[in-house]
Amino acid sequence: MMIRTAARRRAAATAATLCALAVALTACSGTTKDSAKRDTSKGGTAAKADPSAPLKKGLELAFLPKQINNPYEKIVDEAGIAAAREYGGTGKEVGPSDASASSQVSYINTLIQQRQDAILIAANDPNAVCGPLKQAMRKGIKVVAYDSDTAKDCRQLFINQAGSEEIGRSLVQHLGEQIGYQGKIAILSATQNATNQNTWIEFMKDELKQPKYKNMRLVKVAYGDDADQKSFQQTQGLLQAYPDLKGIISPTTVGIAAAARYLSDSSYQGRIVLNGLGTPNQMREYVKDGTVEQFSLWNPEELGYLGSYAAAALASGQITGAEGEKFKAGRLGEYTIGKDGEVILGEPTVFDKNNIDKFDF
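Residues numbered from 1 in each chain as written. Predicted model: local features only at pLDDT ≥ 70, side-chain atom pairs only at ≥ 80, totals over all residues. Heavy atoms only, no water.

Peer 1: Please give an account of the overall build of the chain that cites residues and values.
Peer 2: The number of helices and strands found in the chain is 11 helices and 14 strands. Residue burial in the chain is summarised as follows: out of 361 residues, 50% are buried. Partitioning the contacts of the chain with sequence separation of at least 6, the portion at a separation of at least 24 is 70%. In the structure as shown, the chain presents an accessible area of about 16600 Å², 50% of it carried by carbon and sulfur atoms. (Helix = DSSP H or I, 4+ residues; strand = E, 2+ residues; numbered from the N terminus. Buried < 20%, exposed > 50% of the residue type's maximum accessible area, 1.4 Å probe, protein only. Contact = heavy atoms within 4.5 Å. Areas by Shrake-Rupley, 256 points an atom, 1.4 Å probe, with all protein chains shown as cover.)

Quick look at the structure:
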């Protein structure tokens, strides 16, 4: 009995030594089970793309907009859900009624529990959602940001509606032309933490540094929190504080519509130039009554459609999110992933009285 016990002890010691050696070798190589899982979740060395893989059937996608009652994001999400049906998947939209920084967190946690194949999110804050999104990726759920990005390590892809620099600079260029490069201007934004808004505003400010804008001055950046009534009130406040204001840029569909509504029923109609990002159906009456001369936007239906196919390509293993990878987005054709996992839909369209009736969204 004592001999058998000693033999067992020697065998256990040998096994322990071998395990320790294996752990040491693994640590030296820099690859552990956890690190391999992280690499896979972010499309690193452990994840390999198979461009020839078919799109999986029965994929479950969830769209998480900034707020559930935002009409622009409703268009985006419904188009993405319809796209999922094209390739045999299902989609749904869930989200908060307010656009506060942390309002999306509980929804992400629920979607993780539901084991969605992919979460598509328009982030209210680039960092507040990172914890649960990283947890989702560790569990194999693909994460695609659209419209408003998260921090880069919290998702695999970002579907950008257009180049951020192009959007920011073009809005200043258009307004400058309209006011003759003279006078005070203001910006009516969404929330203070919105990634897309802040990125565009930085490019606006940089554009204003150019010599041709020397007689234009940005006096205020106001925030309407993507809420109609607050954006309306912020417009009123801007004009009360700066009665000699020449122009307003509102790079948010909620903000520009609210500002147009205020201007259309005030003595400022025709005196204040309003430009920014809006949908044709929201802005049509204000273009036709002369409140707004022009505004810009991409096609939000195509943004949702592209996001849906990108998420399906990720979940099917066709791509990992690495720069240079290509995937097909249904009727939109082939797209190439750029730096930091960014995929750009295309150039924005400028709408005015000559073309606005050609669009219905």
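Peer 1: Provide a residue-level description of the pattern of salt bridges, including the pertinent values.
Peer 2: For the coordinates displayed, the defined rule picks out 12 salt bridges. Here Glu-207 makes a salt bridge to Arg-169, at a shortest N to O gap of 3.0 Å. Of the two residues, Glu-207 sits in helix 7 (residues 195-207) while Arg-169 sits in helix 6 (residues 164-178), which places them 38 residues apart along the sequence. Because the salt bridges share partners, they merge into one network encompassing Glu-165, Arg-169, Asp-206 and Glu-207. (Salt bridge = Lys/Arg side-chain N within 4 Å of Asp/Glu carboxyl O.)

Peer 1: So, the environment of Ala-53: which residues are in play, and what are the values?
Peer 2: Relative to the helices and strands, Ala-53 resides in the loop between helix 2 (33-41) and strand 1 (60-64). Look at Ala-53 and you get buried, because its relative accessible area is 12%. Note: C-alpha distance between Ala-53 and Ser-316 (263 residues apart in sequence) is 6.9 Å. When neighbours within four sequence positions are excluded, Ala-53 is seen to be in contact with Ser-316 and Gln-318.

Peer 1: So what about the state of the cysteines? Which residues, and what values?
Peer 2: Under the definition given, this model contains 1 disulfide. Here Cys-130 is linked by a disulfide to Cys-154, with a sulfur-sulfur distance of 1.9 Å. On the sign convention where negative means left-handed, the S-S torsion of about 100 degrees between Cys-130 and Cys-154 marks this disulfide as right-handed. Note that Cys-130 is positioned in helix 5 (residues 130-138) and Cys-154 in the loop between strand 4 (142-146) and strand 5 (157-160), a separation of 24 residues in sequence. Cys-130 sits in the buried class, given a relative accessible area of 9%. (Disulfide = S-S within 2.5 Å.)

Peer 1: So what's going on with the sheet that holds strand 7 (residues 216-223)? Which residues, and what values?
Peer 2: In space, the 4 strands of this open sheet follow the order 7-6-8-9, with parallel pairing throughout. Of all strands in the sheet, those with a lone pairing partner are strand 7 and strand 9 (273-276), marking the two edges. Here the average twist between neighbouring strands, direction ignored, is 20 degrees. With 4 bridges joining them, strand 6 (residues 183-189) and strand 8 (residues 245-250) adopt parallel strand pairing. Among the inter-strand pairings, Ile-187 is bridged to a residue of strand 8, identified as Ile-249. (Pairing = 2+ DSSP bridges. Axes fitted to C-alpha atoms, helices over the stretch in contact; angles between N-to-C directions.)

Peer 1: Explain the packing of helix 4 (residues 105-113) against helix 5 to me, using residue names and the numbers behind them.
Peer 2: Between helix 4 and helix 5, the least distance of the axes is 9 Å, while the angle of their chain directions is 15 degrees. The angle between helix 4 and helix 5 falls in the class roughly parallel. Here helix 4 and helix 5 pass one another in a crossing that is left-handed. Of helix 5, the residues touching helix 4 (which contributes Val-105, Ile-108, Asn-109 and Ile-112) are Pro-132, Leu-133, Gln-135 and Ala-136. Looking at the contact of helix 4 with helix 5 residue by residue, the class counts come to 6 nonpolar, 2 polar and no charged. (Parallel < 35°, antiparallel > 145°, perpendicular 65-115°, else oblique. Left-handed = near helix turned anticlockwise from the far one by under 90°. Nonpolar A, V, L, I, M, F, W, Y, C, P; charged D, E, K, R; others polar.)

Peer 1: Go over the sheet that holds strand 13 (residues 342-344), please, and point to the residues and values.
Peer 2: Consider a sheet: its strands pair through backbone hydrogen bonds, and that pairing is either parallel or antiparallel. Pairing is parallel across the open sheet formed by 6 strands, whose spatial order is 2-1-3-4-5-13. If you trace the sheet from one side to the other, it starts and ends with strand 2 (90-93) and strand 13, each paired once. Direction aside, neighbouring strands of the sheet carry axes that sit 20 degrees apart on average. As paired elements, strand 1 and strand 3 (residues 118-121) share 4 bridges and run parallel to each other. The residue of strand 3 that forms the bridge with Ala-62 is Ile-119. Against the sheet, helix 3 (residues 71-86) makes contact with strand 1, strand 2 and strand 4, and its axis sits at roughly 165 degrees relative to strand 2, the strand it touches most. Taken strand by strand, helix 11 (residues 300-315) contacts strand 1, strand 3, strand 4, strand 5 and strand 13, and its axis lies near 160 degrees from that of strand 5.

Peer 1: Give a description of the environment of Gly-95 that names residues and reports values.
Peer 2: Take Gly-95: it is sitting in the loop between strand 2 and helix 4. What makes Gly-95 buried here is its relative accessible area of 13%. In this structure the C-alpha to C-alpha distance between Gly-95 and Ser-106, which are 11 residues apart in sequence, comes to 9.2 Å. Excluding residues within four positions of it along the chain, Gly-95 makes contact with Leu-64, Ile-68 and Tyr-107.

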